[in-house]
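Observations on the model geometry
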Amino acid sequence: MIESTVQTCDKHIRTALKHNLKVDHKGESHVKIIEELGLTHGAVRVDIAVVNGILHGYELKSDLDTLNRLPEQMKVYNSVLDKITLVVGKHHLHSAIKVVPDWWGISVAKILKPYGKIVINNIREPEDNPLQDRVAIAKLLWREEALDILEQLNRADGGRSKRRQIIYERLAKVLDQKSLRKKVRDCLFFRTNWRSVL
């Protein structure tokens, strides 16, 4: 198969990645793939997120995109996600390696001739995120979900009248990071009306 000079676009990479993720997770009962997962109340959206015991985010940068927004996106992703993989068109590969931390995964998407098929190759596997912030993780929850967890822990006293920021801060104080991550993942997994693809 011969590599094409045609540039990748977001739609092509997204379709190929979703297909690969469905294949990779086929048969797993506890997995959800979510498109455009809002972080910090939707201020930033990660292109695709996989919830299956961890929260693994995939950010897509096609040949037609730029990496201009990536440093700002990285700050939020680093505060929330358990693992992160950047999927880039080959045009951005060398620049991306210089920009993202060593613990981010990197994959490259290429179009192959003569069929125009997108192939995604892993360049570097993601490692566990060392920079997560508990309040940022708690902000993945809807206000009512956070309150429900506090009530289960008998720590919701007066919480219903508080601003959501106070609720998230309280939750981050009450739970250690491992427990908080599990509670948040469970909420994301069982939440309805998602843009879920699996």
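Each chain carries its own residue numbering, running from 1 in the written order of its sequence. It should be noted that, the model being predicted, local features are given only for residues of pLDDT at least 70 and side-chain atom pairs only at 80 or more, the latter also being counted only at that level, while totals for whole chains, interfaces and linings use all residues. Excluded from the side-chain calculations are hydrogens and water; all other atoms, namely the structure's heavy atoms, are used.

Okay, the overall build of the protein next. Only runs of H or I of at least four residues qualify as helices and only runs of E of at least two qualify as strands under DSSP, and these elements are numbered from the N terminus. In terms of regular secondary structure, the protein is built from 7 helices and 7 strands. Along the chain direction, N to C, the helices and strands of the protein fall in the order β-α-β-β-β-α-β-α-β-β-α-α-α-α. Based on C-alpha atoms, the radius of gyration is set beside the globule rule, defined as 2.2 Å times the residue count to the power 0.38. Compactness check: the protein gives a C-alpha radius of gyration of 18 Å against a globular reference of 16 Å for 198 residues, within 12% of the reference. C-alpha extents for the protein along the principal axes are approximately 65 × 35 × 25 Å. For each residue, the accessible area found with a 1.4 Å probe, counting protein chains only, is set against the maximum for its type, and the residue is called buried under 20%, exposed over 50%, and partly exposed in between. Across the 198 residues that make up the protein, the buried fraction comes to 47%. It only takes one pair of heavy atoms within 4.5 Å for two residues to be counted as in contact. In the protein, the proportion of contacts linking residues at least 24 apart, taken out of those at least 6 apart, comes to 61%. His is not counted here, nor are the chain ends, while Lys and Arg score as positive and Asp and Glu score as negative. Throughout, a charge is located at the NZ atom of Lys, the CZ atom of Arg, the CG atom of Asp or the CD atom of Glu. Treating the 34 positive side-chain charges of the protein as one cloud and the 25 negative ones as another, the clouds have centres 2 Å apart.

Grouped burial of nonpolar side chains is what soluble globular proteins tend to show. With 44 residues, the main nonpolar core has L39, W104 and L171 as its most contacted residues. The residues contacting L171, other than those within four sequence positions of it, are A138, L141, A146, I149, L150 and L180. Buried Ala, Val, Leu, Ile, Met, Phe, Trp, Tyr and Cys residues that are joined via side-chain atoms within 4.5 Å together make up what is termed a nonpolar core. Ranked by size, the runner-up nonpolar core spans 15 residues in total, among them L17, V87, A109 and I118.

Paired rings are identified among Phe, Tyr and Trp, the last through its six-membered ring, by centres lying within 6.5 Å, and are further divided according to the angle between planes into stacked (under 30 degrees), edge-to-face (over 60) and tilted (the rest). Here the structure, examined in full by the defined rule, presents 2 aromatic pairs. In this structure, K32 is placed above the aromatic ring of F189, and the distance from its NZ or CZ to the ring centre is 5.6 Å. We count a charge as sitting over a ring when the NZ of a lysine or the CZ of an arginine lies within 6 Å of the ring centre and within 35 degrees of the ring normal. Sitting over the ring of W142, R191 keeps its end group 3.9 Å from the ring centre.

The subject of this paragraph is helix α6 (residues 164-174). Of the residues making up α6, those classed as buried are I167, Y168, L171 and A172. End-on, the buried residues of α6 take up no more than an arc of 135°, which puts them together on one face. Of the surrounding secondary structure, the elements contacted by the buried residues of α6 are α4 (134-138), α5 (143-152) and α7 (177-190). Here the arc refers to the set of directions running from the helix axis out to each C-beta atom.

Bringing the pattern of salt bridges into the picture now. What counts as a salt bridge is simple: a side-chain nitrogen of Lys or Arg found within 4 Å of a carboxyl oxygen of Asp or Glu. Applying the stated criterion across every chain yields a total of 13 salt bridges. A salt bridge links D128 to K83, with the shortest nitrogen-to-oxygen separation between them at 4.0 Å. Of this pair, D128 sits in the loop between β7 (117-124) and α4 while K83 is found in strand β5 (residues 83-89), placing the two residues 45 residues apart along the sequence. Judged by relative accessible area, K83 falls into the partly exposed class, the value being 21%. Via salt bridges that share partners, D10, R14, K18, E35, E36 and D47 belong to a single interconnected network.

Following the sequence through the fold, D47 ends up in strand β3 (residues 44-51). Any N or O atom pair separated by 3.5 Å or less is treated as a polar contact, with the protein-specific requirement of one donor-capable and one acceptor-capable atom, and with residues adjacent in sequence counted only for side-chain atom pairs. Among the polar contacts made by the side chain of D47, one reaches the side chain of R14 at a distance of 3.1 Å. Setting aside its immediate chain neighbours within four residues, D47 contacts D10, R14, I34, E35, E36, Y58, E59 and L60.

The next point concerns helix α2 (residues 70-80). Extensive coverage of α2 is indicated by the burial of 8 of its 11 residues. Residues L70, Q73, M74, V76, Y77, N78, S79 and V80 constitute the buried set of α2. Where α2 is buried, its residues meet β2 (32-39), β3, β4 (55-61), β5, α3 (93-99) and α4.

Time to look at the pairing of β4. Burial within β4 is extensive, with 7 of its 7 residues counted as buried. Here β4 shows no split at all, with L55, G57, E59 and K61 on one side and H56, Y58 and L60 on the other all buried. Judged from the 4 bridges that link them, β3 and β4 form a sheet pairing that is antiparallel. From the neighbouring strand, V51 faces β4, where its bridge partner is L55. DSSP-based pairing: two strands are paired if at least 2 bridges between them are found. Inspection of the sheet shows β4 paired to β5 by 6 bridges, in the parallel sense. Its bridge partner lying in β5, G57 is registered against I84.

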